[in-house]
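Here is what each chain is made of, one letter per residue.
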Amino acid sequence: MKKFPKVKKLNDQETDGIFLRDDDTITVMEKIDGANFRWKYNGDDRILCGSRNVEFKNGDEPLPVEETNKAFHHVQQYLYEFIDFDELENIIEEYGELVFFGEATHKHHIDYDAWDGKYPSPEELSPGNYLGFDIWSVESEEWLPHKQVIDIHSRIGLKTVPVIIQGTVGELDEDALDIPTSKYREPDNEADNEFDRKGFAEGIIIKNNQQELRAKKYLK
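What comes next concerns the included structure. Going along each chain's sequence as written, the residues are numbered from 1 onward. Whole-chain, interface and lining totals are the exception, using all residues; otherwise, since this is a predicted model, local features are given only for residues with pLDDT of at least 70 and side-chain atom pairs are given and counted only at 80 or more. The basis for every side-chain value is the complete set of non-hydrogen atoms in the structure, without hydrogens or water.

## As for the packing of aromatic side chains
- Aromatic pairing here means that ring centres of Phe, Tyr or Trp (its six-membered ring) are within 6.5 Å. Orientation follows from the plane angle: under 30 degrees is stacked, over 60 is edge-to-face, and everything else is tilted. What the rule picks out here adds up to 13 aromatic pairs.
- When the ring of Phe4 is compared with that of Trp143, the centres are 5.5 Å apart and the planes differ by 75 degrees; the resulting orientation is edge-to-face. Here the residue Phe4 occupies a position in the segment before strand E1 (8–9), and Trp143 occupies one in strand E9 (residues 142–143), the gap between them amounting to 139 residues. The same class applies to Phe4 and to Trp143, which are both buried.
- Arranged with centres 6.4 Å apart and planes meeting at 80 degrees, the rings of Tyr112 and Tyr184 form a pair that is edge-to-face. With Tyr112 in the loop between strand E7 (98–104) and strand E8 (130–137) and Tyr184 in the loop between strand E10 (163–168) and helix H4 (194–197), this pair connects stretches of sequence that are 72 residues apart.
- With relative accessibility at 6%, the residue Tyr112 sits in the buried group.
- Taking relative accessible area as the criterion, Tyr184 reaches 14% and is therefore assigned buried. Helix and strand definitions follow DSSP, with helices as H or I runs of at least four residues and strands as E runs of at least two, each counted in order from the N terminus. For the exposure calls, accessible area comes from a 1.4 Å probe over protein chains only, and a residue counts as buried if that area is under 20% of its type's maximum, exposed if over 50%, partly exposed in between.

## Observations regarding the sheet that holds strand E11 (residues 203–208)
- Strands sit in the order E1-E12-E11-E2-E10 across an open sheet of five strands; the sheet is mixed. Looking at which strands have only one partner, the edges of the open sheet turn out to be E1 and E10.
- Contact definition: two residues touch when any of their heavy atoms are within 4.5 Å. In this analysis, axes come from line fits to C-alpha atoms, helices being fitted only over the stretch in contact, and the angle between any two N-to-C directions falls in the range 0 to 180 degrees. Contacts from helix H3 (residues 146–155) reach strand E2 (25–31), E10 and E11, with the element oriented near 140 degrees to E10. Whether two strands pair depends on DSSP finding at least two bridges between them.

## Examining the pairing of strand E4 (residues 46–51)
- Of all six residues making up E4, five are buried, and the element is well covered by its neighbours.
- Hairpin connection from strand E3 (residues 35–43) to E4: two residues lie between these consecutive antiparallel strands, with Asp44 at a positive phi of about 55 degrees.

## As for the packing of helix H2 (residues 85–95) against H3
- Between H2 and H3, the shortest axis-to-axis distance is 9 Å and the interhelical angle comes to 145 degrees. Along its contact with H2, which presents Glu87, Ile91, Glu94 and Tyr95, the element H3 presents Gln148, Ile152 and Arg155.
- Under the scheme applied here, ten amino acids are nonpolar (Ala, Val, Leu, Ile, Met, Phe, Trp, Tyr, Cys and Pro), four are charged (Asp, Glu, Lys and Arg), and all others, including Gly, are polar. Across the contact of H2 with H3, the residue classes break down as three nonpolar, one polar and three charged.

## Observations regarding the side chain of Thr27
- Tracing the sequence through the fold places Thr27 in strand E2.
- For Thr27, a relative accessible area of 3% corresponds to the buried category.
- For this analysis, a polar contact is any N or O atom pair within 3.5 Å, provided that within protein one partner can donate a hydrogen and the other can accept it, and provided that sequence-adjacent residues contribute only side-chain to side-chain pairs. A polar contact of 2.7 Å, which involves the side chain of Thr27, links it to the side chain of Gln166.
- In this structure, Thr27 is in contact with His146, Val163, Ile165, Gln166, Ile205, Ile206 and Lys207, ignoring residues within four places of it in sequence.

## Section: the sheet that holds E9
- Spatially, five strands are ordered E4-E3-E7-E8-E9 in an open sheet, and the strand pairing comes out antiparallel. The sheet is open, and its two borders are formed by E4 and E9, each paired with just one other strand.
- Here seven bridges tie E7 to E8, and the two strands are oriented antiparallel to one another. Along E8, the bridge assignment pairs Phe101 with Asp134.
- Docked against the sheet, H2 engages E3, E4, E7 and E8, running at close to 85 degrees with respect to E3.

## Side note on the nonpolar core
- For our purposes a nonpolar core is just a set of buried Ala, Val, Leu, Ile, Met, Phe, Trp, Tyr and Cys residues, chained together by side-chain atoms within 4.5 Å. Of all hydrophobic cores here, the largest spans 26 residues; its most connected members are Phe37, Trp39, Phe100 and Tyr130.
- Taken together, the elements giving at least two residues each to this core come down to E3, E4, helix H1 (73–82), H2, E7, E8 and H3.
- By size, the runner-up hydrophobic cluster in this structure holds 21 residues, among which are Leu48, Ile110, Val161 and Ile205.

## What about H3?
- Within H3, the full set of buried residues consists of His146, Val149, Ile152 and His153. An end-on view of H3 places all buried positions within 125 degrees of arc, on one side of the element.
- Along its buried surface, H3 packs onto E2, H2, E7, E8, E10 and E11.
- One or two positions beyond H3, positive phi appears at Gly157, with a value near 95 degrees. It is the directions from the helix axis to the C-beta atoms that the arc portrays.

Here you go:
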């Protein structure tokens, strides 16, 4: 499977071209505090999964969930429970082989309201154990437009990370890259820091498919 590109910080030298052309489409998404995860359909209602660096397989065959990295058991169980495999097969017929990328909602630094402990329950749908953010077309060797990323995930029964704003570079205003409140955290008026009092997101991800660039920006 394609490996997801490393996302550099905004204003890093490698992300300088992200706002290069006014007519490029920019998607700004909430950055979720989790772990990078990828998967693709392997036929017979099975999926091949992997972390950013490791594919969970033996030869060309997906490993049983219980034989994979236990930190990712919850997200694999979630996908098997909620993916509409009939619709997924329709999508593969339409688009060819696809590699899906999303966030496995491991708890690192931030408390989200949707679950207690390190991982959400597979039964929790808000946000759930997986939130998609990209799809790679193996056939055309390109990233699908973000509207298609949202639509395809929705068709097969999965959620995507919240989009904050989408438009062309020339349409962005001066507040477009401000860190928003998180869709998954309630403000805590009793907290001793502004980050928790206002329920801010961990950060944002900025995506420009035309320039094949992604950048991240943190509040803290």
